[in-house]
Structures are given as C-alpha cells and as structure tokens.
Amino acid sequence: MTAAIRDNLTNAYNATTAGAKVGPAGLPRLLPATGQPMELAEHLRVHGRTPYRGGAKMLIHTIESAGLTGRGGAAFPTHRKLTAVASQKGSPVVVGNGAEGEPASDKDKRLLWFSPHLVLDGLQLAAEAVGARQVHLYLHREPMLEQRVHSALAERASTGLDRIAVNLVTAPHRFLAGEESALANRVEGGAALPRFTPPRIFERGVGGAPTLVQNIETLAHLALISRYGPAWFRSVGTKAEPGSMLTTLRRADGSGGIAETAIGTPIAELLRLAEHPARAVLVGGYHGAWLTPEQARHLTLSNADLRPLGAAVGAGVLAALPADRCGIVESARVVRYLALESAGQCGPCLNGLPRIAATLSQLADHRSAPSARDDLARWSQLVERRGACHHPDGTVRFLRSALTVFADEVALHESGRCSAATTKPFLPIPTASPAYEQDWS
Amino acid sequence: MTTGTAFWYASRATGVISLMLLSVVMIFGILVNRQGRLPGLPRFAITGLHRNLSLLAVTFLGLHIVTAIADGYAHIPWLSTIVPFTSGYERFWIGLGTVAIDLVAAVIITSLLRDRLKASLWRAVHWLSYLSFPVTVVHAIGASKDLQSGWLLKLTAATVLAVVAAIGYRVTESMTDVPRADRVPEQFDRVDQEDTTRSLR
Amino acid sequence: MTERLRVNPILCTGHGLCAELIPEQISLDEWGYPILSNEPVPPALRKLARRAVTDCPTLALALVPDP
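**Notes on the overall build of chain A**
What chain A contains, in helices and strands, is 17 helices and nine strands. Its C-alpha radius of gyration of 22 Å places chain A within 12% of the 22 Å reference for a compact globule of 441 residues. Referenced to the eigenvectors of the C-alpha coordinate spread, the extents of chain A come out at roughly 70 × 45 × 45 Å. Taken over 441 residues, chain A has a buried fraction of 53%.

**Here's the deal with helix H6 (residues 116-130) of chain A**
What sets the pattern is the α-helix's 3.6 residues per turn: residues three or four places apart point alike. Residue and element names in this part refer to chain A. End to end, H6 covers 21 Å across 15 residues, agreeing with the expected 21 Å (1.5 Å per residue, within 8%). A large share of H6 lies buried, amounting to 15 of its 15 residues. Immediately beyond the C-terminal end of H6, within one or two residues, lies Gly 131, with a positive phi of roughly 75 degrees.

**Regarding the interface of chain C and chain B**
Taken residue by residue, the interface counts nine residues in chain C and eight residues in chain B. Elements with a contribution of two residues or more to the side of chain C that touches chain B: helix H1 (17-21) and helix H2 (46-55) of chain C. In terms of residue count, the dominant contributor to the side of chain C that touches chain B is H1(C) (three residues). Here the side of chain C that touches chain B is built from residues that sort into four nonpolar, three polar and two charged.

**Observations regarding the sheet that holds strand S4 (residues 211-215) of chain A**
Residue and element names in this part refer to chain A. Strand order in the open sheet formed by four strands is S3-S2-S1-S4, and the pairing between neighbours is parallel. Because the sheet does not close on itself, it has two edges, and the strands there are strand S3 (166-171) and S4. When strand polarity is set aside, the average angle formed by the axes of neighbouring strands in this sheet is 25 degrees. Where strand S1 (residues 93-97) and strand S2 (residues 134-140) come together, five bridges link them in parallel fashion. Considered in S2, the bridge of Gly 96 is made with Leu 137.

**Considering the environment of B:Glu173**
Residues and elements named next belong to chain B. Note that Glu 173 resides in helix H6 (residues 150-175). Judged by the 13 C-beta atoms lying within 10 Å of it, Glu 173 falls in the partly exposed class. Sequence spacing of Glu 173 and Ile 82 is 91 residues, and the spatial spacing of their C-alpha atoms is 36 Å.

**Observations concerning the sheet that holds strand S6 (residues 256-262) of chain A**
By way of backbone hydrogen bonds, the strands of a sheet pair with one another, either parallel or antiparallel. All names here are of chain A. In space, the five strands of this open sheet follow the order S6-S5-S9-S7-S8, with mixed pairing throughout. Strands with a single pairing partner mark the edges of an open sheet, and in this sheet they are S6 and strand S8 (289-291). The average undirected angle you get between the axes of adjacent strands in this sheet is 25 degrees. Relative to S6, strand S5 (residues 244-250) is paired through seven bridges, and the arrangement is antiparallel. If you follow Met 245 over to S6, its bridge partner there is Thr 261. Here helix H16 (residues 391-405) sits on the sheet and contacts strand S7 (278-283) and S8; the angle it forms with S8, its principal contact strand, is near 20 degrees.

**A closer look at the domain arrangement of chain A**
One frequently used descriptor of interface size is the decrease in accessible area upon assembly of the parts. All names here are of chain A. Split into domains, chain A comes out as domain 1 (20-233), domain 2 (244-322) and domain 3 (327-425). The gap between the C-alpha centroids of domain 1 and domain 2 is 25 Å. Listed by partner, the interface residues are 18 residues for domain 1 and 17 residues for domain 2. Sorting elements by how many residues they give to the side of domain 1 that touches domain 2 places helix H5 (residues 107-114) first, with three residues.

**So, unusual backbone geometry**
Trans peptide bonds make up the majority, and among non-glycine residues the majority have a negative phi. In this structure, the amide linkage connecting A:Thr197 to the following residue, A:Pro198, adopts the cis form with an omega of 15 degrees. Structurally, A:Pro198 is set in the loop between helix H8 (180-187) and S4. With an omega of 0 degrees, the peptide bond between A:Pro198 and A:Pro199 qualifies as cis. Relative to the elements of secondary structure, A:Pro199 occurs in the loop between H8 and S4. The phi dihedral of B:Phe85 is positive, around 65 degrees, even though this residue is not glycine. If you trace the backbone, B:Phe85 turns up in the loop between helix H2 (43-70) and helix H3 (91-112).

Calculation notes
- Residues numbered from 1 in each chain as written.
- Chains lettered and ligands numbered in written order.
- Predicted model: local features only at pLDDT ≥ 70, side-chain atom pairs only at ≥ 80, totals over all residues.
- Helix = DSSP H or I, 4+ residues; strand = E, 2+ residues; numbered from the N terminus.
- Rg over C-alpha atoms; globule rule 2.2 N^0.38 Å.
- Buried ≥ 20, exposed ≤ 12 C-beta atoms within 10 Å, placed from the backbone.
- Expected span 1.5 Å × (residues − 1).
- Contact = placed C-beta atoms within 7 Å.
- Nonpolar A, V, L, I, M, F, W, Y, C, P; charged D, E, K, R; others polar.
- Pairing = 2+ DSSP bridges.
- Axes fitted to C-alpha atoms, helices over the stretch in contact; angles between N-to-C directions.
- Domains from an automatic or database assignment.

Written out as structure tokens, the structure is:
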C-alpha cells in the first residue's frame, strides 16, 4: 500500500472514530467487569454495534498498528495472517477456533461463555477483512456452551448484527482437535485429525479454500481494537508485545482460575510465588516447558523473556507445582496423556511417544531400566520434526524441560527414592484412555 | 506349415507366457502391498520386479495380440483389440480377452502416469487388476483348447492356485491389520508387553 | 536449482525401499521409518532420488525445490 493510500485510509478512520467511544481503561477488557455473562443488550450499550468497515482489507492496517498477535499459542502477527488469506485466489473461509484442547487451559470456554458477542463481532469483522463468505465457529462438544452460543447467534440474527451466518462445528475432546489442519478436516465433516502440510491451511483449508483460522480470544481483541483503536490496545502490555491476554493460573496453594493480564506481568506476581513457593513452574501448558523457581522469579509473561529459555507464552497457562509434589511423577502423567493423544498417523510419533511415556512412568515408579535416560534422549531425537504436526515436537519440549528442571529428582528415582511428600496428582489430566475411531469425530 | 499356422502357434505360445507373467506380476503386487520379502532380494527389487515383469508381460501380450490378428485363419479384426465381442471368430472367448486387454491397459497407463495422477484415481484403477486376472484365465481356457488338457492344464491350474493362495494370504493378513484409528491403543499394549522392567520388581 | 527429498509421514508406512535405493540421503530408524538427510540432493544422486520417489509404494516421498 502506498503512503498516499495509507494516509487517506488513516484520515478516513480518524474521521469515523472522531465520535467513537473511549476504550475501557485498564483491565479487564475481554471479560465483563461485572462478573456476569454479557448479554447482547449490555454488549450493545457498552461497545455499540459491530463496526463494519465497508470493505475487505480495510481493518488490516489497524490491526497491524495495534500489533495484535494470535492468542491461541503461536503468537503469530494477526495482520500477516489476515493479509495472507486475503491475498489468496478463491473465496476465503473463516473459522473461529474455540477448541483449546489443552486440559490445563480454560480461557476460551470462559471467554465464550462470558463475552460471546465480542468473539462473534470479531468473527464477522475478520470475515469482512479477508472477503470471506463462509464463517464457522469451532468448539469442543459441550451442550451448555453450545446452547449459549446458539442463543447469542439467534439474538444477533434478530437485530441483524451478523452479515454472514455462523455455522457452529463441534469437535471431540481431543488434545489435537484444535490444531489448524485437524480443525479444517473436522469443519469439512471428517475426523479431527491433522493433515500433512504443505499446502498450508491459509492457502488450501476447508474445502480447498483459503482458510483463516483464528483463536477466539484473538477475535475478541480484534473486535475491541476495531472500536477503540491501536493506541488504546497498546496502552497495556509491552512495546514489543502489546495488549492483554487471558491466562489460566494454578498456584501452589490450589488457588487460581482465569485472569486477564497485561503481557509483561511478572510471573512471580501472577502465581504469588513469594507467598506460595513452588517446586517448579510450568509455562505454556503441556506442550510448554518447566522453569525453576529461580528462573520464574525473574521472568515476565512475555515471549521476549521466555523464548531465550526455550519456553513461550503459549495460550497463557501457568501452573506452579507445590513443593510437596514430585515433578517426575507429574511429568510422567502428562507425557502418558500426550502419548495417548497421538493421532497415530505417523510412524515415529505412533512408535516413539508410547515408549517415551512408558519409560518415564517406569522412572516415576522407581523401576526404570539403566538405559532409561539414553532411551529417552534417543527417542526424543527420533520423533522430533518427523510427524505431520507438531505434537511430537511439543511433547519433546515438555519432556526435555522436565528432565532438566527435575534432574535431581531423576537421580533420586533411579536409586529408588523420591523427595516429594505425596504423589497426589496436581495437574489436570482427563481420564486418560486410548481413543478409538469414533472418538475422533 | 503355412504362415497362418506359424502365427497361430506364436499367438498361443505368447498367450500362455503372458498369462504366466501376469500371474507372477499379481503375486509380486501382493508382496509389495504386504511389505513381503523374498530371501536374498532387497525391498526395491520386489517393487522393481513387479514393475519390470509387468512391462515384460505387456510386451508378450502385444505379441500375442499381433500374431492372433496376423493369422489369416481366424479373421480377428483390429477393432477387437479394444472393443470387446466384435470378433467373428469365437466372439465370446476372444471378447473376454479384449476385456482383459482393456483392463490391463488402464492399469499400465495409469501406473506409467502415476506421478501426474491423483493417488486415489491411480489406486482405484489399480484394483481392476484383480478383475483382469479371472477374465484372462477364463479367456485363456476358452479361446483355445490348449489349456483344457495335458501339461498346459496342469500348469494353468498351478498358476491359478498360486495366485488364489496369494490373494488368500492378502485377505487373511489384512484382517489382522490394526485399523488406523486403533493404532495408538495397540501401541500401548505392545509397549506394555515389551516392558522388561516388570521382572525387576 | 537444488532439490531435497521430503516424506509425507502420514502416507509413509515404512516399506523402506527409499533407504535401500539412496542410503546417502535416507536411513531407517529403529521402527523402519525413514530419516531424511538435511542436505539437498547432490546432482550425482538425482537420478536415484527420482527413482526412490517413483518406486515408493505409497507415493509418500517427493523431490521438492530447496527453498
């Protein structure tokens, strides 16, 4: 876009927002301050009607100025995704991804329950921005939540808010169901199993059309930015990573829940590590990484701080392992879950993950073979980057961080001991049992 | 011996050879599919033999067709190479042969163009080979009296038996295959069985 | 234009021909699945690489331009 065109668009935008509302100061932004689910009437009173731009691509520059990145885990710059999809040949499809998959994360469910209209606004605005004519909302099967979304959609239909009808697609409760290509398969009517890429989903996704897959939290932020502007969005967070995000917190004392926080907030503050000391901190969920308490004390919730340590903000999951628990036992349970959640499509993942899980379990049970560490290292190398999706990669990241952070514990377990007071489970893991065919649709 | 008779003998001989070769190709095809090995042969040789023998079979099939038409006595028109049941001579049995040619041609051509075709199309056409085999055998037995007695009958019977056995092997093995979606549970069972550390307790 | 080998791990069922044909680029892991070299295919091996791609029974192997 030339400077002249950009100036014209900015002038036009400033003119239309001259009488616009001022954005909410501070936090929360996404979740209603009242703590009650926001119905349509309240939503319209507080935020006004969906601010359509009147044409494709017009919103993208605003999103770029705001610096919004994906809140589904990958933190990919949203404007680049929008541009990529909008530039493809063929009529695009937009899918709002509300299937978090991650057992330790609840933020998408919470957002959809309490602020469905922000999500649905964002969906329509994203569809307009890329010129889509097909819109889907994807979430895990959950009768009450589906009912809530259906009501919200019906309300919007009666007031003519939505320009494109939203199709609700439900996904099985599987870890990989929210993976982009698995989502595309499921929306097409098949099983929620990942595909081999290329072609990437933004090029050829649902039904072969260029598909924008956006986490619903990202869409909610997009809905707010389109009303209150980039400057408002940047008023919290860091310069490199602006804005707020939803986090799912689990403190060492068992307290926690969903909290909206500015990016760049110290982790120690979020987890109250001073009051509730932890043995270790898990950042980013089950494809994330463990940190030592010393590391956690100095770090903020930002990729700038976390990436150098091999971790990432991900979808905002933070868990502090209580001092009386065993990191190896917890990690073994997580890895077993991850292995059971393999799609089973690729040889290395199918063969490697169950063996890794079994060996780690043996280590947790004090009955590992002497070759356990070598086996784990070898298998980790064998499964990395050899699957169609990133499931083996994420599992290996989690595993390696566990073996590093809990190295002392590993040595203890190898000699039949454990430093923890209890093996009671801490991290949430769904009743892990092997999945059969019908469980993927 | 007239030229006609020479062509006729050549056609019958090349016909028998084509049948034998096609049978071997089918057996090798099943071996490829089941990742079977033959002692002393590398894996690429199984695929290689499947492909090369099929081209050899097509060559002999070509000779079989040309000599049959060149033979003056039977008056089989060139049209009958592709359109079934258009031959004046032995219309039904030759017609079956034509059907077999059509099926084999489809399989060969799609396989030569495999890189450029959709995998699902190639696979669908390749299944036709299982149809081409019985059609070929029935044509062979009916079109000339050669295979109905003597050592040729025994040879044909043995060949057919071999192919049927191979097909039986493929079917029974595939019934014990783990369905794709059950693979993960099966792996967990397998790993549990491999667990040698249980004996350490 | 340099090329490299790429395998579609979903289609691959571990036949293992590829590793026999072009061991310089492909080896098999302990479960029979191909481990591909990070290096592009040198011109001298291009013909073998093409053969491995054609011979793969599940069409899982491909030769793609090096980005």
